[in-house]
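Residue-level structure breakdown
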Amino acid sequence: MSRRKRDDGYEHGYRKRRRVVSEQAEIEDRLESLIIRVGDKTSSSLESNLEGLASVLEADMNTYKSKILRILSECPIQMPEKCTIYSTLVGLLNAKNYNFGGEFVEQMVRNLKEALREGQWESARLIVRFISDMVNCHIVSASSLLQLYDSFIDAAMEQGVPQVRRDWYMYALLTALPWVGRELFEKKENDLERIMAAMEGYLRRRNTAHVAALRVWNCDTPHPQEEYLECIWAQVRKLRTDEWQERHIYRPYLAFDSILSEALQHNLPVILPPPHTASTQYPLPWVVFRMFDYTDCPEAGPLLPGTHSVERYLIEEHLHQIVTRHHNERKELATQLLAFPQRNKIPLEYMIVEVLFSELFNMPSPRYLEISYGCTLIELCKLQPSTMPQVLAQATELLYERIDTMNATCFDRFVSWFSYHLSNFQFRWSWDDWQNCLSLEKDHPKAKFVSEVFGKCLRLSYYKRVNEMVPECYSPLLPPKPEPYFKYQTEGGNGLPGATQVQALTELLRKKPTPEEVLELIQQLPNPLKDDDGDMEPSHNPLAIEVFVQTLLHLGSKSFTHTFAGLAKYHSVFKTICENEEAQICMLRQVYELWQNHPQFLGVVVDKMLKTQIVECCAVANWIFSRDMAPEFTRSYIWEILHLTIRKMNKHVVRLEKEVADARAKLRAAPSDSESSDDDPNREAGEKRRRTVSNKDTPKDGEEQPTEEMVERMEERLEAAQSDQKNLFLIVFQRFIMILSEHVVRCDTDGKDFNTFWYQWTVGRLQQVFMAHHEQVEKYSQTLETLLFTHDLDSNILDTFRQFQALRS
Amino acid sequence: MAVASTYRDQHFKGSRVEQERLLGQSCTLYVGNLSFYTTEEQIHELFGKCGDIKRIIMGLDKFTRTPCGFCFVEFYLRNDAENAIRFVNGTRLDDRIVRTDWDAGFIEGRQYGRGKTGGQG
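Residues numbered from 1 in each chain as written. Chains lettered and ligands numbered in written order. Predicted model: local features only at pLDDT ≥ 70, side-chain atom pairs only at ≥ 80, totals over all residues. Heavy atoms only, no water.

Our focus in this paragraph is the overall build of chain B. The number of helices and strands found in chain B is three helices and six strands. Listed by position from the N terminus, the elements making up chain B come as α-β-α-β-β-α-β-β-β. A globule of 121 residues ought to have a C-alpha radius of gyration of about 14 Å, and chain B, at 14 Å, matches this closely. Oriented by its inertia axes, the alpha-carbon framework of chain B measures out at about 35 × 35 × 20 Å. Put simply, chain B has 121 residues, and 57% of those count as buried. A separation threshold of at least 6 residues defines the contact pool for chain B, and within that pool the share at least 24 residues apart is 68%. (Helix = DSSP H or I, 4+ residues; strand = E, 2+ residues; numbered from the N terminus. Rg over C-alpha atoms; globule rule 2.2 N^0.38 Å. Buried < 20%, exposed > 50% of the residue type's maximum accessible area, 1.4 Å probe, protein only. Contact = heavy atoms within 4.5 Å.)

Here it is as structure tokens:
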């Protein structure tokens, strides 16, 4: 391609500069790649790789220092399993170039301060660990590290701040000690002891009321369900008894001891933890999930590290980190889990299964979608077909064995997971092994588990399939055929009240009438609530509702789509005859009557009615707790419906909150009439906010500027929604309290033990509301304490509330 | 990354650029390799594990108007659809391995099989 050659020097210089710049970018990319990949599988040894890389980086230090600093400070946090590799690398660099070491330390300190300020707790914790490891490499002095530790201990001793904050500072220290404990023991034994004594004191005084809410099982056999901080404390104490000899972490710096010990160390500046503010969010506590011990693993195989060994902690942490990195790519995740570096030294499949279940059963909620764990387990079975399925089956058996004490929330997740898993393996299972559940009462957790699993399997398959997949003896626990129950078509059905109108309406609906025509027919029905005096206008006509709802839904019963079409077309009829809560509860009763044998359909219809505002959240809540629904109270689908209702309300409020926040920001950012300065900081901030909050998931807002009036109207809508939300929670909790108290009183009167299965399920369901929606419930904690969860309440009920409060205290 | 396959609808009304744009912001998935007996309920149960479903449109044989092995699942949020591609694609529904792919958006008429005999291909 010929081009007229320009002969001005500018063009030539520009091209040359561009070439240099792009070369520079290339080198930077190469450096970045070298740094990121150090320690990965190569033909040469790690030591020679580190030496080589240290030389390369040192040579390029002048030109690329800031880039190198940035990458080196981020890598140990992004790839925490390579912490010791990076500390060694930096140690080698520090030995060659003291100034660089100093700048690197400053960078890490800056990163730590920022992470603490921004509430990036996990990053901060990993930075503390890395800084501790830097002592091992003679980059940082032990005495200045101890100063950092002391300031953290001070933070843990601070009065008047939430325990979750103080816990974090302890946790950061405890999880750094496996790396640097030995070094401190050798050089600063007294200081180390002092710190251990301070931590012991802290742990003794701590409040552990939250544990009960976070445990998967409510008992400690066969494995204690330990609170996370107590567990790591036990593990560190055991490490201490071993004179801090830790054998799991790979420490490349040991090979470079002679070089590194010649290096000059740097002192950390004083790092003061940022003060607590009301808006600071701290990580929630958790309970360590244990389902296996060494006796569960094959005798001939490698030993499962003990519960209080630091090794157990380190391996589990690493496995969780692999999940974090690959949770969106299940095939890669399964591959990486199975490629665990020390897989030959541990019963890997058992530890993987335990870690994945610990995430699935995490309280209050799993980190990631439940289904992601399910399909990862399937991938693992595919990759290790000779071992994984057996371990998983063993795990399932264990979980079933111990299901008597499993909390209701985890019970649901276990049901959901197991039925999903079965649906991927032709529903094959050794059902014969579980026949003991048939002799138990229906509300016994084992029997309930099996019947709920059947119900879920039905949803993922079909009636005949479910019947075929189990031995005949299981038929008492099998779900009924999922069909609508249209009482007017049963024997004697045409004698029921309203039967003639049902017939008439059915015929009318087949002619595709307008809503008005339908309403006309319905409104002709007599109202059984009207008394002869005719003074009081009843709030609704139950007969009209019954006839309309059951007929319409029956006609649409072929599929969700058919039903939805009916709901949409005759929406206005619903709105007219179901104006108030009483009417809506009546309507829900009709929907239930029709779909009582098909809980999935029932849930979907209620969901749609909420969505199209045919029914209000409070009506659904009151319907669930009504006397009519008492026989169904321990069925899981009831709680599915309650939770989808609460979630809808929560989503609505959150959406309005965001809209108001966005509108206010836009309003603040708007240039006023008199001035329009380009460097108005508010405007810039407003624009930035607008950019960062825009989200492809919200409808594109028009470019029009909201007025003060509009924003005020939005705020009114938000207030109304928040009031509705508070009301919903009040209703739910109040009904729980009533129903539980009634039960206790009745049992007292009858001289019976109140602690029946029903009682346990119901308390579990109450706990579930707290846990599943804890962020939103938190807003009304004060109101709940004042109005509902008062001192005079039965202690079991009150405890549930106290445990919830303890989550964030 | 929940990336679209290389399939592109030949009957798409619009330019290739437009099609790519719609695929990039879609909340709708095409789901293939269903059994002819797979129901809306089953699809709802499985895909519902990824988020709230806006609607399901069953693919129908053009002549018999019976299900013919595919459907569209539309979520309210794109992120939920992405999760369906991550976690449902390649797993079983009704004993068959289902395939999910981004769809540019349901338009009336696209629920009918375009094969010669009325089904899919």
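Read on for the rest.
Taken as a whole, this structure holds 59 aromatic pairs over all chains when the rule is applied. Relative to Phe 736 of chain A, the ring of Trp 639 of chain A has its centre 5.6 Å away and its plane inclined at 20 degrees; by these criteria the two rings are stacked. Within this pair, whereas Trp 639 of chain A is found in helix H30 (residues 636–669), its partner Phe 736 of chain A is found in helix H32 (residues 708–750), the two being separated by 97 residues in sequence. Trp 639 of chain A sits in the buried class, given a relative accessible area of 1%. For Phe 736 of chain A, a relative accessible area of 0% corresponds to the buried category. Taking 4.8 Å as the distance between ring centres and 25 degrees as the angle between the ring planes, the aromatic pair formed by Phe 770 of chain A and Phe 804 of chain A counts as stacked. Pair noted here: Phe 770 of chain A is in helix H33 (residues 757–772) and Phe 804 of chain A is in helix H36 (residues 795–806), with a separation of 34 residues, a long-range link. The pair Phe 770 of chain A / Phe 804 of chain A is uniform in exposure class, with both members buried. Just above the ring of Tyr 400 of chain A sits the side chain of Lys 446 of chain A; from NZ or CZ to the centre is 5.5 Å. Lying over the aromatic face of Trp 102 of chain B, Arg 78 of chain B brings its terminal NZ or CZ to 3.9 Å of the ring centre. (Phe/Tyr/Trp six-rings, centres within 6.5 Å; stacked < 30°, edge-to-face > 60°. Lys NZ or Arg CZ within 6 Å of the ring centre and 35° of its normal.)

Residue and element names in this part refer to chain B. Summarising burial for strand S1 (residues 28–32): five of the five residues are buried, a large majority. Residue alternation in S1 divides its side chains into two sets, Thr 28, Tyr 30 and Gly 32 and Leu 29 and Val 31, and both sets are buried. Across four bridges, the pairing between S1 and strand S3 (residues 67–75) is antiparallel. From the neighbouring strand, Tyr 30 faces S3, where its bridge partner is Phe 72. Pairing geometry for S1 and strand S6 (residues 99–103), over five bridges, is antiparallel. Note on S6: the bridge partner recorded for Val 31 is Thr 100. (Pairing = 2+ DSSP bridges.)

What follows deals with the domain arrangement of chain A. Residues and elements named next belong to chain A. Domain annotation for chain A reports domain 1 (23–261) and domain 2 (298–477). Each of domain 1 and domain 2 was reduced to a C-alpha centroid, and the two centroids are 33 Å apart. Listed per partner, the contact involves 31 residues of domain 1 and 22 residues of domain 2. For the pairing of domain 1 and domain 2, the buried interface totals around 2200 Å² over both sides, and the portion due to carbon and sulfur atoms is 58%. Run the count over domain 1 and domain 2 and you get three salt bridges. We note a salt bridge from Glu 317 to Arg 129, for which the minimum N-O separation is 2.8 Å. For the pair domain 1 and domain 2, the interface holds 13 residue pairs in polar contact (both at pLDDT 80 or more). Among the secondary structure elements, those contributing two or more residues to the side of domain 1 that touches domain 2 are helix H6 (121–136), helix H9 (177–187), helix H11 (211–214) and helix H12 (228–241). Considering each element in turn, the side of domain 1 that touches domain 2 owes the most residues, seven residues, to H12. The residue makeup of the side of domain 1 that touches domain 2, split by class, is 18 nonpolar, six polar and seven charged. (Domains from an automatic or database assignment. Buried area = accessible area lost by both parts, 1.4 Å probe. Salt bridge = Lys/Arg side-chain N within 4 Å of Asp/Glu carboxyl O. Polar contact = N/O pair within 3.5 Å; in protein donor to acceptor, adjacent residues only side chain to side chain. Nonpolar A, V, L, I, M, F, W, Y, C, P; charged D, E, K, R; others polar.)

For the rest of this paragraph, the subject is the confidence of the model for chain A. Interpretation of the predicted coordinates at a detailed level should be avoided for regions scoring low in pLDDT. Across chain A, the average pLDDT comes to 91, with 93% of residues at 70 or higher. Note that residues 683–700 of chain A has pLDDT below 50 and, in this model, 16 contacts with residues that lie over four places away or in other chains. (pLDDT = per-residue confidence, 0-100.)

Moving on: the interface of chain A and chain B. The partner chain B presents 29 residues to the 32 residues of chain A that form the contact. Between chain A and chain B, roughly 2600 Å² of surface is buried when both sides are summed, and carbon and sulfur atoms account for 45% of that area. Ranking the residues of chain A by area buried against chain B places Arg 330, Ile 371 and Leu 460 of chain A at the top, with a combined share of 21%. Connecting chain A to chain B are four salt bridges.

Another point: the environment of Phe 801 of chain A. Residue and element names in this part refer to chain A. Tracing the backbone shows Phe 801 in helix H36. Phe 801 gets classed as buried once you look at its relative accessible area, which sits at 0%. The sequence separation of Phe 801 and Thr 790 amounts to eleven residues, and the corresponding C-alpha distance is 9.9 Å. Ignoring sequence-local partners within four residues, the contact set of Phe 801 consists of Phe 770, Ser 781, Leu 784, Glu 785 and Phe 789.

Residue and element names in this part refer to chain A. Counting 92 residues, the largest nonpolar core has Leu 72, Tyr 149 and Leu 177 as its most contacted members. Setting aside chain neighbours within four positions, we find Tyr 149 in contact with Val 128, Ser 132, Leu 173, Ala 176, Leu 177, Val 180, Leu 184 and Ile 195. One finds Tyr 570, Met 609, Phe 736 and Ile 797 within the second-largest nonpolar core, a separate group that totals 90 residues. (Core = buried A, V, L, I, M, F, W, Y, C linked by side-chain atoms within 4.5 Å.)

As a further point, take the state of the cysteines. In a disulfide, the sulfur atoms of two cysteines are covalently bonded to one another. Residues and elements named next belong to chain A. For the coordinates displayed, the defined rule picks out zero disulfides over all chains. With no disulfide of its own, Cys 75 lies closest to Cys 83 among cysteine sulfurs, the gap being 12 Å. By relative accessible area, which is 4% here, Cys 75 ends up buried. (Disulfide = S-S within 2.5 Å.)

Among the secondary structure elements, Asp 94 of chain B is positioned in the loop between strand S4 (92–93) and strand S5 (96–97). For Asp 94 of chain B, a relative accessible area of 14% corresponds to the buried category. The sequence separation of Asp 94 of chain B and Leu 34 of chain B amounts to 60 residues, and the corresponding C-alpha distance is 7.9 Å. Apart from residues lying up to four places away in sequence, Asp 94 of chain B is in contact with Leu 460 and Tyr 462 of chain A together with Ser 35, Tyr 37, Thr 38 and Gln 42 of chain B. Polar side-chain contacts of Asp 94 of chain B include one of 3.2 Å to the side chain of Thr 38 of chain B.

For the rest of this paragraph, the subject is the packing of helix H14 (residues 310–326) of chain A against helix H15 (residues 330–338) of chain A. Residue and element names in this part refer to chain A. Close contact between H14 and H15 brings their axes to 9 Å; oriented N to C, the two are set at 160 degrees. With respect to their mutual orientation, H14 and H15 come out roughly antiparallel. Along this stretch, H14 crosses H15, giving a crossing that reads as right-handed. Touching Leu 319, Ile 322, Val 323 and His 326 of H14 are Arg 330, Glu 332, Leu 333, Gln 336 and Leu 337, all from H15. Its residues assigned to classes, the contact of H14 with H15 comprises five nonpolar, two polar and two charged. (Axes fitted to C-alpha atoms, helices over the stretch in contact; angles between N-to-C directions. Parallel < 35°, antiparallel > 145°, perpendicular 65-115°, else oblique. Left-handed = near helix turned anticlockwise from the far one by under 90°.)

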